[in-house]
Amino acid sequence: MILFVALLLSYCFFGLNGAAGLERINKCGTRCSQGLRCRTKPDYFFHPSCENPPEGLNSSSIFRNISLSTVMRCEGRQKCSLHLRIKNAVLLSESIHGLSICTSSAGMIGNCQIISFKNHRKTGLQVEVENDCTEVSLSQHVKVTVKTMPSFCGISWTGAYRAPECNNEDMQRHVPECITGRLSYSVNTQRKELTVGVSDMLEDHNYYLRLCRKDFICMGTGAHTLIKKEELDKSITFPYSRPLPCLCIEGWSAVTDAPRVQVCPFRDHVEELWFGINFDPLEETLSWEPTCPVTALVVLCQKREGEVCEDLPHASQNVGRAKVSFTKVDPHPQLCMKFTTGSQSWTRCPFADAGLQAWDFSVTRRQRHDDVKLSSRITANFSVGLCEKSESSTECQITTTRIVHMEKHEAVDLNLAGESCNTCLQVKRLDVRFAATVLHCFEECNEASSVQTVFSTRASGDSAWVIVPVGVGLSAIIIVALALHVLLTVYQKRKQRRNADCASDKQTDPANECAVRIVPSPALIPDCGNTEKANLISD
């Protein structure tokens, strides 16, 4: 029970004092301790000439523990003003009849007040004097000067004071210049809508709402919407396109120079920034411009197995608000952009769909042999190399390298007669600054079946004009060879038939000899073929 009463009293105390806010006063005035009567009257900022002080009188002996603070005077729930409270401990003496307090600010006329002590005869008594009738505005710089009355030369105190800003919840609720209204919101992610509600508006005034992108200032994304003071439902629904971290709701009262309040529903959605990557295929320039101010490191990297993206050398830029550009970039699906801010990283691969891919190579497996074809949509130079992997190193050691020049829409066969064990093919474009290195490793083979690799190139594709005539010639040769083969077969069969007839005649009629032709040559060639030789008969 005692604890409950203590909490209740504490709540009432802080509630009356603005919940850890500024101290309230009902009216301003001057107060003196020790039963001393004080009277305040205005004074001129320019005083008459000072007098020489009595012996032993100085500033430190008169002005002690001077403090400056702010209090609030209210005439209604939302009609409070700020006042400067000046508090001083003064050591009384017969020569001092009061104090002069002057406040001045740049561009404003100074204000002076005289605090007179009535019926004081208590010399050496320390009296606390407090005055809070100087009204100040928000963030105002004030110079405070305290002197004795009468004014003694060289005896004064000077201090500086700055009025608070609207950084206090108590002031934001009760000082008209600080009242911004309170914003609440709900998000419909499916319909991409923000519903915004307003409470604690400035009384008897309309209210404005809008969506904006926050930078040095909040730049509006569309026209602002007016909520009239007489409307009961003080809520508005805004559509949005993307949940950017700098997309904010801004509200302010419909008065001149009204303070504004901003609420950013998506401030933690940093991943939304890494979109909008553009590529110019003519200039071969990859660029990205932040839609919100962000401090990040942008690096070009090559996608490897899994989620690893290996940074390319000399391909990093710091970004804040400016556009980031990388020139002479090869648009390969493995080439990506990596964004790092704080301890988090995001990777975006703008060429992943291969729509802008300038070159590629395909591998076809045929009877323990890989047919590799390199094709290019543009005129470019490539480094084509063979490398070997070892168990002691994860990198592929280059063994053979060749430079291949390719014209637009040309294809080249990389003639690999056989593949050695642990051998890979490495291809990289050379006529750009930033390019991916593509690696293809052949299937594992046994040491007994491995053969030496023969590495050469043969053009194809647009060089079909060479292949077609060669094919036609080969076809003609094959046809002629077939025709000759048929003729030779027919000739051999006829020859065999004649030999058979001749042998039959010899067996039936030995007197019948083969007829011969007489030719000018000394040789006789029998008609029955070459099975017998004939002797030369001469007359």
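Calculation rules
Residues numbered from 1 in each chain as written. Predicted model: local features only at pLDDT ≥ 70, side-chain atom pairs only at ≥ 80, totals over all residues. Heavy atoms only, no water. Pairing = 2+ DSSP bridges. Helix = DSSP H or I, 4+ residues; strand = E, 2+ residues; numbered from the N terminus. Axes fitted to C-alpha atoms, helices over the stretch in contact; angles between N-to-C directions. Salt bridge = Lys/Arg side-chain N within 4 Å of Asp/Glu carboxyl O. Buried < 20%, exposed > 50% of the residue type's maximum accessible area, 1.4 Å probe, protein only. Core = buried A, V, L, I, M, F, W, Y, C linked by side-chain atoms within 4.5 Å. Contact = heavy atoms within 4.5 Å. Polar contact = N/O pair within 3.5 Å; in protein donor to acceptor, adjacent residues only side chain to side chain. Disulfide = S-S within 2.5 Å.

Here we look at the sheet that holds strand S7 (residues 111-118)
- The strand order across the open sheet formed by 5 strands is S3-S7-S6-S9-S10, and the pairing between neighbours is antiparallel. The sheet is open, and its two edges are formed by strand S3 (37-43) and strand S10 (156-162), each paired on a single side. Direction aside, the axes of adjacent strands within the sheet are offset by 20 degrees on average.
- One ladder, built from 7 bridges, connects strand S6 (residues 98-104) with strand S9 (residues 141-149); its direction is antiparallel. Note that in S9 the partner of Gly98 across the bridge is Met149.

Quick word on the pattern of salt bridges
- Overall, the coordinates contain 25 salt bridges when judged by the stated rule.
- When the shortest N-O distance is used, the salt bridge between Glu130 and Lys87 registers 3.9 Å. Of the two residues, Glu130 is situated in strand S8 (residues 126-136) and Lys87 in strand S5 (residues 80-91); the sequence distance between them amounts to 43 residues.
- When its relative accessible area of 13% is taken as the criterion, Glu130 is described as buried.
- Classification of Lys87 as partly exposed rests on a relative accessible area of 34%.
- When salt bridges with common partners are traced through the structure, they connect Glu23, Arg31, Arg85, Lys87, Glu130 and Asp132 into a single cluster.

Brief notes about unusual backbone geometry
- Residue Pro150 follows Met149 across a cis peptide bond; omega there is 0 degrees.
- Positive phi is not limited to glycine here, since Asp204 has a value of about 65 degrees.
- Residue His314 is not a glycine yet carries a positive backbone phi of 55 degrees.
- Along the chain, His314 turns up in strand S22 (residues 309-319).
- Residue class for His314 comes out exposed when judged on its relative accessible area of 76%.

Some details on the nonpolar core
- Core analysis: the largest hydrophobic core is formed by 42 residues, its most contacted members being Leu183, Leu209, Trp288, Leu300 and Met337.
- Leu300 has contacts with Leu286, Glu310, Asp311, Leu312, Ala315, Phe326, Val329, Cys336, Met337 and Phe434, leaving out every residue within four places of it along the chain.
- Residues Leu57, Ile86, Val129 and Val142 belong to the second largest nonpolar core, which totals 32 residues.

Some points on the environment of Lys192
- Looking at the element boundaries, Lys192 is found in the loop between strand S11 (182-188) and strand S12 (193-199).
- Expressed as a C-alpha distance, the spacing of Lys192 and Ser241, which sit 49 residues apart in the sequence, is 6.8 Å.
- With residues up to four places along the chain from it excluded, the contact list for Lys192 reads Phe238, Pro239, Tyr240 and Ser241.
- Here the side chain of Lys192 touches Ser241 through a polar contact of 2.9 Å, landing on its backbone oxygen.

Some details on the state of the cysteines
- Taken as a whole, this structure holds 11 disulfides when the rule is applied.
- For Cys50, the disulfide goes to Cys153, at an S-S distance of 1.7 Å. A torsion of 95 degrees about the S-S bond marks the disulfide between Cys50 and Cys153 as right-handed. Separated by 103 residues along the polypeptide, Cys50 in the loop between S3 and helix H2 (59-62) and Cys153 in the loop between S9 and S10 bring together distant segments of the chain.
- The side chain of Cys248 participates in a disulfide bridge whose partner is Cys264; the two sulfur atoms lie 1.9 Å from each other. Taking the sign of the S-S torsion, about 85 degrees here, the bridge from Cys248 to Cys264 comes out right-handed. With Cys248 in strand S17 (residues 247-253) and Cys264 in the loop between strand S18 (260-263) and strand S19 (277-280), this residue pair connects regions lying 16 residues apart in the sequence. Cys264 shares its class with Cys248; the two are buried.

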